[in-house]
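Take a look at the letters that make up each chain.
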Number of protein chains: 2
Amino acid sequence: MRDLADTSRRSLGVTFREDGRAVVRLWAPTAKSVSLKLKHGTRSLLKQEHGFWELVTADMKPGDAYQFLLDEKLLPDPASLSQPDGVHGPSQAIDIADFGWTDTEWANPNLADYILYELHVGTFTDTGTFDAVITKLPHLKSLGITALEIMPVSQFPGDRNWGYDGVFPFAVHHCYGGARGLQRLVDACHRHGLAVVLDVVYNHVGPEGNYLREFGPYFTKKYNTPWGDAINFDDAGCDGVRYFFIENALMWLRDFHIDALRLDAVHAIRDFSPVHILEDIRRYTTSLICEAWRRHYLLVELDLNDTRFIHPARKGGYGMDGQWIDEFHHALRVTTGQARTGYYEDFDGVGHLAKAYRDAYVYDGQYSTHRQKYFGVKADGCAGEKFVVFSQNHDQVGNRMMGERTSTLVSFELLKVMAGAVLLSPYLPLLFMGEEYGETNPFLYFVHHGDAALIEAVRRGRRAEFASFQSEGEAPDPQAQETFLRSRLQWSLLENERHHVLFAFYQELIVLRKSHNALRYLNRTTLDATANEAGQTLL
Amino acid sequence: MRDLADTSRRSLGVTFREDGRAVVRLWAPTAKSVSLKLKHGTRSLLKQEHGFWELVTADMKPGDAYQFLLDEKLLPDPASLSQPDGVHGPSQAIDIADFGWTDTEWANPNLADYILYELHVGTFTDTGTFDAVITKLPHLKSLGITALEIMPVSQFPGDRNWGYDGVFPFAVHHCYGGARGLQRLVDACHRHGLAVVLDVVYNHVGPEGNYLREFGPYFTKKYNTPWGDAINFDDAGCDGVRYFFIENALMWLRDFHIDALRLDAVHAIRDFSPVHILEDIRRYTTSLICEAWRRHYLLVELDLNDTRFIHPARKGGYGMDGQWIDEFHHALRVTTGQARTGYYEDFDGVGHLAKAYRDAYVYDGQYSTHRQKYFGVKADGCAGEKFVVFSQNHDQVGNRMMGERTSTLVSFELLKVMAGAVLLSPYLPLLFMGEEYGETNPFLYFVHHGDAALIEAVRRGRRAEFASFQSEGEAPDPQAQETFLRSRLQWSLLENERHHVLFAFYQELIVLRKSHNALRYLNRTTLDATANEAGQTLL
């Protein structure tokens, strides 16, 4: 189990063999009996080693609904690929291997050439589907970005969610177009010469529709997280859990041709194993790369300024290819007028922005007032392409009470300055959807839960979070459909001259970045950033 | 604060300067006011940076009792050096710098030459003091061991305790003879050519008399431990806590001339900082070594088979000099007849013992039934001197319901085999006090709490732990003085021929180890261990 012998195919959930039979495989180490419930009758699974249960059957076809009967309890498949009736409904067997890929000529570019564009499928278009995203690819291509970064798509409760409440890590959300829809989008991106980065969440599972704990020790009480019990990566029974997430990472890369993963908030993964789960994901990904002759990157969101995550294994690191780094954003925002409240209190503006340009980490050993501790280590020897920077992203916009995008907070001129600051940085730039033409709609926090108590808890939590901002109004109701609708992009704005000018400016900057060797080279050592504190300028 | 500028002197608690004045320094980051309460009046401390409070006063002399008045609350000093009236009483100012050391000629031997002897001060002699230990040094010297390992001596509640319930990490337990007594013992050991290893506990604080949380964020709710909230090594406010324990490590090495620390159960230290607290302790210890031109070693008790702890920093490791390794013990015990219950279920006997000789870690990637997970990494490239092995120790004896030593469990011949197995191993051997002459008294679990509810909880816990052994009798009452008294060594046994023969055998083995180059060299690669499973023999 530790050494997945075969990275070439799925080995959890339902997989269709070439002879048309379905292989059904489930990890349920403490179950006394497991059977598969189909529309017509049930079939018993046989217990294998290490808590796995298996069945090969000719009685199941793509499209069939199924459930597991676990010691008399009817449950969906933890490794379900499709949940057409939502998180509480039965699973649906589908065949993700029979998609007609047309991207055989595609080659994932060098990571240093990535110019990222983060988008949320549900609000990117009015339709909110993968197919609708495809219609916008010519726009993105003309903008000049090279990689789409898609916010999490795993099945979440209800129809609208940022994606971080996903509870079926293997199932592509049904409303977005499911697995087939995502495959069509990736294939189209590759046809347009765009790489695809997928945001995946391995640090917690959403609060509604999480049936994982019925199947095994997916969680541990060793650690506490903001979202309850931590996922069990190092406690008794952890191997099946580690395997589950490793399989998940491999599936996206192999079966969906995803070019890179963006692993959400890996600082919240609690793992004291000698081999960290990220190292394991690195190892299996490397095997896959060698076998399939296709490159893939592993990027992490990391709030730790800890090079252990991005150092290679020979230096005792986890070998991630790169990390998101919020500090550049914070320093840039304070430089351009953001009040020093909350986490911004640690940032002094242009001095820290210069440090972000020079050293990647602003805090690399200094005392952080906000964190109340000395923070970070030096990022010496880490190339620029190891860091993803931005002037806004879903979190930085959406975690404001009113979800204001930068376009509604600063002057037009300053928008251009901020675009330049990001796109001409010695790091990998990331834009947030709509930023390129100054979208004015907010990006608000929205959910669509089915559980009344949970809805109320989320509402209360949101209100409490912004209690000190009451003078500015009340936080919009996260559960309201209106909140979701207000967060959609207004593509018609592009027809407006002012917005078009901004778009053209972004295009120019990207052309400049691509054509100028000094900018493409991403070498912090050849760049010198000097802050003029008095004039608040940066040379 | 992060960079202790000065490893040359104590900078917490009360320290007497050469001019006789007392420097008083306390970390109390959230306190509004702090004063020092002496017998005659109080003196205010002045707030400094980073939550420290300071006072220099001529009104305090060695021997004086004192307390801190923290926002009107009267408390002992967290960095107290002496607690003559126990854990709930006032602290006592003492001067640990004015001891007349006579060990200027002493040089800590190479770690590879360590032959360790673990002792518990309270039960080693009838008197139970450091001075009484000194009277036994000729015996230990004649045995041939080269290093005394002293179980924890920090002030614990009551008069009897293994030491792991200590609550004043800087105060040497009063009943043992206090700081001065320990200094006398170390000085005497060095005179006898013996190194001293001190067991220190940085993974938890005892359940009675812990006033630390009154002073600052010493604990965090991020992690759960078997002993409640974890010590805060990486959460908000952690720097003062890290500093506290770094200072503690430095104090033993510098002011007590301790040659090596044995850090208890470091697997239970929860620290996700980029620089682990053990790395920090390593760094400061290395500075101290360079400044004082005296060698010190850092050994850890580790239940993880994770080379990260013993690898040097350049390999991403924490740089510990060595680790205790229980697996050798478990494999040896099963080989010599121990039933495969509890954690012994993972060990098959002679095959695993051969693996322990060859690879140090028995589990270096295999599935562990007891832990319910794949466990360990390979210890390739780690020298034999990185591992401390034993056929018994305080835990392995005392965690049996009846605390039986090996001498009462196996035949006389087998005792000799086990002695040979340990003393001729390519690792650092450790003996447990009394083992060398086959002490027959048990080493039981004992405490001496003052809190009735806690006493009952400990009793209940102990009974529950051994519920399945009820047919063999009832677990002795941990709180009873009798339980402690029954655990003392009976030195008169040495006069008995059978016991003397065993002692002479240990002496011979140690002579053999010291004189034979192949045994001194500690190289696992030149040793070949082959198990003959059928005959249960090892070549």
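The shown structure was predicted, so the numbers you read here are calculated from the model rather than taken from an experiment.

About the criteria used
Residues numbered from 1 in each chain as written. Chains lettered and ligands numbered in written order. Predicted model: local features only at pLDDT ≥ 70, side-chain atom pairs only at ≥ 80, totals over all residues. Heavy atoms only, no water. Phe/Tyr/Trp six-rings, centres within 6.5 Å; stacked < 30°, edge-to-face > 60°. Helix = DSSP H or I, 4+ residues; strand = E, 2+ residues; numbered from the N terminus. Buried < 20%, exposed > 50% of the residue type's maximum accessible area, 1.4 Å probe, protein only. Lys NZ or Arg CZ within 6 Å of the ring centre and 35° of its normal. Least-squares fit on C-alpha atoms with pLDDT ≥ 70 in both. Contact = heavy atoms within 4.5 Å. Buried area = accessible area lost by both parts, 1.4 Å probe. Salt bridge = Lys/Arg side-chain N within 4 Å of Asp/Glu carboxyl O. Nonpolar A, V, L, I, M, F, W, Y, C, P; charged D, E, K, R; others polar. Expected span 1.5 Å × (residues − 1). Pairing = 2+ DSSP bridges. Axes fitted to C-alpha atoms, helices over the stretch in contact; angles between N-to-C directions. Parallel < 35°, antiparallel > 145°, perpendicular 65-115°, else oblique. Left-handed = near helix turned anticlockwise from the far one by under 90°. Lys, Arg positive; Asp, Glu negative; His and termini not counted. Core = buried A, V, L, I, M, F, W, Y, C linked by side-chain atoms within 4.5 Å. Domains from an automatic or database assignment.

1. Some points on the packing of aromatic side chains
Thought 1: For the structure shown, the criterion picks out 64 aromatic pairs over all chains.
Thought 2: Centroid distance Y218(A) to F244(A): 5.2 Å. Interplanar angle 80°. Geometry classified as edge-to-face. Remark: F244(A) occurs in helix α6 (residues 238-255) and Y218(A) occurs in the loop between α5 (212-215) and β15 (219-225); sequence separation between them is 26 residues. This pair shows no difference in class: Y218(A) is buried, exactly as F244(A) is.
Thought 3: Of the aromatic side chains, those joined through ring pairs into one cluster are W27(A), F170(A), Y202(A), Y218(A), F233(A), F244(A) and F245(A).
Thought 4: Residue placement shows R25(B) over the ring face of F52(B); its charged tip is 4.4 Å from the ring centre.
Thought 5: The positively charged end of R371(B) is found above the aromatic ring belonging to F375(B), 3.8 Å away from the centroid.

2. Things to note about the relation of the copies chain A and chain B
Thought 1: Expressed as a screw transformation, the operator carrying chain A onto chain B has a rotation angle of 180° and an axial translation of 0.0 Å, and the superposed copies differ by an RMSD of 0.0 Å. Taken together, the rotation and translation describe the operation of a two-fold axis.
Thought 2: Of all interface residues in chain A, 100% are interface residues in chain B too; the two copies therefore contact each other through one and the same surface.

3. Things to note about the interface of chain A and chain B
Thought 1: Listed per partner, the contact involves 37 residues of chain A and 37 residues of chain B.
Thought 2: Each partner contributes to the roughly 2,800 Å² buried at the junction of chain A and chain B, and carbon and sulfur atoms together form 50% of this total.
Thought 3: On the chain A side of the contact with chain B, F272(A), P274(A) and Y374(A) bury the most area, a combined 25% of that side's loss.
Thought 4: Here chain A is connected to chain B by two salt bridges.
Thought 5: Among the elements that line the side of chain A that touches chain B, the one with the most residues is β15(A), at four residues.
Thought 6: Partitioning the side of chain A that touches chain B into residue classes produces 14 nonpolar, eight polar and 15 charged.

4. Some remarks on helix α11 (residues 412-423) of chain A
Thought 1: Over its 12 residues, α11(A) extends 17 Å from the first C-alpha to the last, a length consistent with the 16 Å expected when each residue adds 1.5 Å.
Thought 2: Contacts made by the buried residues of α11(A) are with α8 (326-335), α9 (350-359), β22 (387-389), β23 (428-432) and α14 (497-515) of chain A.

5. Here's the deal with the sheet that holds β22(A)
Residue and element names in this part refer to chain A.
Thought 1: Judged by pairing direction, the barrel is parallel, and its eight strands sit side by side in the order β10-β11-β14-β17-β18-β19-β22-β23 before closing back on the first. Going across the sheet, the axis of each strand differs from the next one's by a mean of 25°, ignoring polarity.
Thought 2: For strand β18 (residues 297-301) and strand β19 (residues 322-324), the ladder comprises three bridges, and the chain directions are parallel. Its bridge partner lying in β19, E301 is registered against W324.

6. Some details on the sheet that holds strand β14 (residues 195-200) of chain B
Sheet strands associate in pairs through backbone hydrogen bonding, adopting either a parallel or an antiparallel arrangement.
Residues and elements named next belong to chain B.
Thought 1: The parallel closed barrel is built from eight strands, whose spatial order is β10-β11-β14-β17-β18-β19-β22-β23. When strand polarity is set aside, the average angle formed by the axes of neighbouring strands in this sheet is 25°.
Thought 2: Sheet analysis places strand β11 (residues 147-150) next to β14, joined by four bridges and oriented parallel. From the neighbouring strand, E149 faces β14, where its bridge partner is V197.

7. What to know about the pattern of salt bridges
Thought 1: Under the definition given, this model contains 63 salt bridges over all chains.
Thought 2: R488(A) is paired through a salt bridge with D126(A); the nearest N and O atoms lie 3.8 Å apart. Remark: D126(A) occurs in the loop between α1 (121-124) and α2 (130-135) and R488(A) occurs in the loop between α13 (481-485) and α14; sequence separation between them is 362 residues.
Thought 3: A residue is classified by how much of its surface remains accessible, and R488(A), at 21% relative accessible area, is partly exposed.
Thought 4: The exposure class of D126(A) is exposed, given its relative accessible area of 55%.
Thought 5: A salt bridge links R242(B) to D271(B); the shortest N-O distance between them is 2.9 Å. With a gap of 29 residues between them, R242(B) in helix α5 (residues 238-255) and D271(B) in the loop between β17 (260-263) and α6 (277-292) connect regions that are remote in the sequence.
Thought 6: Each member of the salt-bridge network shares a partner with another, and the members are E149(A), D199(A), R262(A), D264(A) and E301(A).

8. Section: the environment of V388(A)
Residue and element names in this part refer to chain A.
Thought 1: Along the chain, V388 turns up in strand β22.
Thought 2: Taking the relative accessible area as the measure of exposure, V388 reaches 0% and is therefore buried.
Thought 3: Residues V388 and I115 lie 273 residues apart in sequence; the distance between their C-alpha atoms is 9.3 Å.
Thought 4: Each residue touching V388, except ones within four places of it in the same chain, is listed here: L116, Q323, W324, I325, L428 and L430.

9. Brief notes about the packing of helix α10 (residues 412-423) of chain B against helix α13 (residues 497-515) of chain B
All names here are of chain B.
Thought 1: α13 packs onto α10 with a crossing angle of 20° between their chain directions and a minimal axis gap of 10 Å. One way to sum up the angle between α10 and α13 is to call them roughly parallel. Seen along the crossing, α10 lies across α13 with a hand that is right-handed. Judged by residue contacts, F412, L415, K416, A419, G420, V422 and L423 of α10 engage R498, V501, L502, F505, Y506, L509, I510 and R513 from α13.
Thought 2: In the contact of α10 with α13, the residues fall into 11 nonpolar, one polar and three charged.

10. A look at the side chain of E436(B)
All names here are of chain B.
Thought 1: Positionally, E436 belongs in the loop between β23 (428-432) and α11 (452-465).
Thought 2: No salt bridge is formed by the buried E436, whose closest oppositely charged neighbour, R405, lies at an N-O distance of 6.9 Å.
Thought 3: Here E436 is in contact with Y117, H139, L143, W491, L502, F503 and Y506, once residues within four sequence places are set aside.

11. Concerning the pairing of strand β7 (residues 65-70) of chain A
Residues and elements named next belong to chain A.
Thought 1: Here strand β3 (residues 34-37) runs beside β7; their pairing, made up of four bridges, is antiparallel. Residue pairing across strands places S35 opposite L69, the latter belonging to β7.
Thought 2: Bridge count between β7 and strand β9 (residues 91-92): two bridges; the pairing is antiparallel. Bridge pairing in β9 links Y66 to S91.
Thought 3: Judged from the three bridges that link them, β7 and strand β8 (residues 73-75) form a sheet pairing that is antiparallel. Of the residues in β8, the one forming a bridge with L69 is L74.
Thought 4: Here β7 folds back onto β8, and the loop between the two strands holds two residues, one of which, D71, carries a positive phi near 45°.

12. Focus on α6(A)
All names here are of chain A.
Thought 1: With 18 residues, α6 should cover 26 Å at 1.5 Å per step; its first-to-last C-alpha distance of 25 Å lies within 8% of that length.
Thought 2: For α6, the buried fraction is high: 18 of the 18 residues fall into the buried class.
Thought 3: Within two residues after α6, H257 carries a phi angle of roughly 55°, on the positive side.

13. Some thoughts on the nonpolar core
Thought 1: Ranked by size, the top nonpolar core spans 146 residues in total, and within it Y117(A), I145(A), W252(A), L261(A) and L263(A) carry the most contacts.
Thought 2: When residues of this core are assigned to their parent elements, the largest contribution, 10 residues, is made by α6(A).
Thought 3: Every residue in contact with Y117(A), bar those within four places of it in the chain, is listed here: F124(A), L140(A), L143(A), I145(A), A147(A), L148(A), E149(A), L431(A), M433(A), G434(A), E436(A) and W491(A).
Thought 4: Counting 144 residues, the second largest nonpolar core, distinct from the first, contains A93(B), Y164(B), V167(B) and I258(B).

14. So, the domain arrangement of chain A
Residue and element names in this part refer to chain A.
Thought 1: You can read the domains of chain A as domain 1 (13-98) and domain 2 (113-446 + 466-526).
Thought 2: If you average the C-alpha positions of domain 1 and of domain 2, the two centres end up 33 Å apart.
Thought 3: Opposite the 26 residues of domain 1 that make contact, domain 2 presents 30 residues.
Thought 4: Between domain 1 and domain 2 lies a buried interface of about 2,200 Å² when both sides are counted; carbon and sulfur atoms form 67% of it.
Thought 5: Summed over the shared surface of domain 1 and domain 2, the result is two salt bridges.
Thought 6: For K73, the salt bridge is made with E214, and the minimal N-O distance between the two is 3.0 Å.

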